[in-house]
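Overview (structure and organization)
This is what each chain is made of:
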Amino acid sequence: QERPKWSLKRFEWLYHFLGSKKVTLGLLMVLSLFLIPRTLIKTEDIQLGTWGSILFGFMGLNLLLCTVQRIKTLAKSVIILHIGILMIFAGVVISSFGYVATVNIYEGTKADKVYRWDIKKDVPIGVDIMVKNINVQYYPVAVKAGVLRGQEKFGLFMLKTGESFRLEQFTVKADSLELKQVEKLNLSVYDGDNLVGTANTLGENTLPADFPYEFKLVAYQNPSLKRLWVDLSLSKDSEVVIEGTSEVNHPLTWGKFSFYNTKVDTDKYGLPFAGIQITNDPGIPYVYAGFVVIGAGLLMF
């Protein structure tokens, strides 16, 4: 009995079709239609999802077949560029096995559950996330500081944070303006080069008991934000596993997780909280490696 003849020629049309420029252009068009709505819709979920991974998988297959079909005519530098792009596509597909989660945590408190956007529910993450402190840094702010001597007004000084004014034999420096739950101006008092003590406009100070002056915050301009970050502590079974800072582009990394500070706000009672985004992205190493390979290919041109 004669066995059926299997030949690659039967699939030759599919082989050439999947590696063709027409498929490339079609996939790029589909990618545009896929991404444009995501740029217009506000969402915390930045993952591409299953369909996005399938799309990038087909783009990788298209590039692979295109490279194989033309490998004899392509320069080595172009082949290396294609390999780098394939590694990035592979990283994107692998990233679909990760997820993004978010949680809002009040300053000084902790949370052990986060909201996963891929499955739309709260889940434990395996550690307690504590926001130890919310830090806000502004560009120099114009302020008016009033000085009292006893119950009498002694003077009014207009300056910016970081600047100083003279107060008889003392030099008073406006260190920073805080606008968390209450507004206060932090000051340092010097006698020559010697630090006498610190004070703020709420009456708290480390100055000598006989220091005759008090400080009040009279007015200030709306400040411009320079930097925003939080101090995080991750603990497991009441034992701290890692501590560090987190901000928008500089996360705290622990194991497979990256913890980003995405926002800071206050609730209706004036209590500050931080928004933390947790990402588990196993495809990142492949994407970075792909960029390195692409860079090597560009150097060969």
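The following refers to the structure shown.

Analysis parameters
- Residues numbered from 1 in each chain as written.
- Predicted model: local features only at pLDDT ≥ 70, side-chain atom pairs only at ≥ 80, totals over all residues.
- Heavy atoms only, no water.
- Helix = DSSP H or I, 4+ residues; strand = E, 2+ residues; numbered from the N terminus.
- Buried < 20%, exposed > 50% of the residue type's maximum accessible area, 1.4 Å probe, protein only.
- Pairing = 2+ DSSP bridges.
- Axes fitted to C-alpha atoms, helices over the stretch in contact; angles between N-to-C directions.
- Expected span 1.5 Å × (residues − 1).
- Arc of directions from axis to C-beta.

Attention shifts here to the environment of L64. Mapped onto the fold, L64 is located in helix α3 (residues 49–69). When its relative accessible area of 41% is taken as the criterion, L64 is described as partly exposed. With 22 residues separating them in the primary sequence, L64 and L86 have C-alpha atoms 7.4 Å apart.

Before going further, it helps to examine the sheet that holds strand β4 (residues 142–149). Reading across from one edge, β5-β4-β10 is the order of the 3 strands in this open sheet, with antiparallel pairing throughout. Lying at the two open borders of the sheet, with one neighbouring strand each, are β5 (152–160) and β10 (213–220). Taken over all neighbouring pairs, the strand axes of this sheet differ in orientation by 25° on average, direction set aside. Where β4 meets β10, 7 bridges bridge the pair, whose relative direction is antiparallel. Bridge pairing links R149 to Y213 in β10.

Next up on the list: helix α2 (residues 21–40). Counted at 1.5 Å a residue, the expected span for α2 with its 20 residues is 28 Å, and the 29 Å between its end C-alpha atoms agrees. Within α2 the residues assigned to the buried category are V23, L27 and L31. Within α2, the buried residues cover an arc of 65° as seen down the axis, which keeps them to one side. Residues of α2 that are exposed and point over 90 degrees away from its buried face: K21, K22, L25, M29, L33, T39 and L40.

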